[in-house]
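What follows is each chain in one-letter form.
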Amino acid sequence: MDVLIRATYKEMSKVAAQIIAEHVRARPDSVLGLATGSTPVGTYQELARMHREEGLDFSKVTTFNLDEYLGIGMDLTLSADEDQSYRRFMHEQLFKHINVPESRIHVPDGLVDPAMADEYCEWYEEKIAEVGGIDVQVLGIGGDGHWAFNEPGSSLESRTRIEPLTKDTIDDNYRAFYKNAGVKKSEMPHFAVTMGIGTILEFTHHALFIANGAGKAGVVAKALEGPVTSQVTASAIQLFDGTVTVVLDKGAASKLKNRAHYEHVERLKREGAC
Ligand code: F6R
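Residues numbered from 1 in each chain as written. Predicted model: local features only at pLDDT ≥ 70, side-chain atom pairs only at ≥ 80, totals over all residues. Heavy atoms only, no water.

A. Region of the structure containing the pattern of salt bridges. Enumeration over the complete set of coordinates arrives at 23 salt bridges. The closest approach of N and O atoms between Lys-184 and Glu-187, which form a salt bridge, is 3.8 Å. An identical accessibility class is assigned to Lys-184 and Glu-187; each is exposed. Within this structure, Arg-25, Glu-46, Arg-49, Arg-52, Glu-53 and Glu-54 form a network of salt bridges that share partners. (Salt bridge = Lys/Arg side-chain N within 4 Å of Asp/Glu carboxyl O. Buried < 20%, exposed > 50% of the residue type's maximum accessible area, 1.4 Å probe, protein only.)

See below:
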């Protein structure tokens, strides 16, 4: 596991975007696993800039998002302010700024009939399997330690499914997104369709875990250096057998016990010593 610590959110975002861009340049038909939330916004802006200014080509790329709120979806009759779906978020933050074809974009369907959810979730995983898994998967971390919407207590072997959100997640996402859109808390979705931790572990070849801000420092330290536990589902980072890169700003890294070691290893790698 490489842990890269950068002074600012902007630098963290640049490093994360460079890692994704390297995959796309090396393999133009790369499969990207994407996350929503405030953390990857800077990364997506940098990818959009690389597309615009450096011609980074996404025309053969396929994308899969981790999750979506249940009960909403991109409704083209709604404005971006009214539609709080992750599908819309991805469209506004990334997809409309790059040349990834619509047919290659996959975001779980928030409007799936809950009675058909099991079949739908199996289908979503089959689509990922068909393209050979995810070359690089962007992962943020929730305040309660979740990955995607795998809330505390979700099995580390869990698969794609419908999951109720915890009060903490509802409060966080209300403050970050719904409040500004004038939506009442009682009216925001309380369930999500989410890839499971087992799904992420099985399909991801390169995990790109990003976090910023001192507010995340405690939960980042638990995930990277604490026990592997379903109470902090992001602690599954310790179970990957593929490539793992963690990119943090200094706030998010501020409670890591082994910080000096991570910085030492990065220096050695830069000098070609390991
Ligand atoms: C969303 C997702 C979530 C977020 C997490 C952090 O697709 O995977 O796990 O990464 O809730 O959200 P922010 O970045 O808003 O702090």
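B. Structural detail: the sheet that holds strand β7 (residues 161–164). Reading across the sheet, the three strands line up as β4-β8-β7 and stay open at both edges, with antiparallel pairing between neighbours. Bordering the open sheet on either side are β4 (67–69) and β7, each of which pairs with just one other strand. Put simply, the sheet's adjacent strands are angled 30° from each other on average, direction ignored. In the sheet, β7 pairs with strand β8 (residues 191–194) via four bridges, with the strands oriented antiparallel. (Pairing = 2+ DSSP bridges. Helix = DSSP H or I, 4+ residues; strand = E, 2+ residues; numbered from the N terminus. Axes fitted to C-alpha atoms, helices over the stretch in contact; angles between N-to-C directions.)

C. Structural context of the packing of aromatic side chains. Summed over all chains, the structure comprises nine aromatic pairs. Between Tyr-69 and Tyr-178, the ring centres sit 5.6 Å apart and the planes meet at 75°, which makes this aromatic pair edge-to-face. Residue Tyr-69 is located in strand β4, and its partner Tyr-178 is located in helix α5 (residues 167–178); the two are separated by 109 residues in the primary sequence. Each member of the pair, Tyr-69 together with Tyr-178, is buried. A centroid spacing of 5.9 Å and a plane angle of 10° characterise the contact between Tyr-86 and Phe-149, whose relative ring orientation is stacked. One end of the pair, Tyr-86, is in helix α3 (residues 86–93); the other, Phe-149, is in the loop between β6 (136–139) and β7, and 63 residues separate them in sequence. Of the two residues, Tyr-86 and Phe-149, neither departs from the other in class, the shared state being buried. Following the ring pairs from residue to residue traces out a cluster consisting of Phe-64, Tyr-120, Trp-123 and Tyr-124. (Phe/Tyr/Trp six-rings, centres within 6.5 Å; stacked < 30°, edge-to-face > 60°.)

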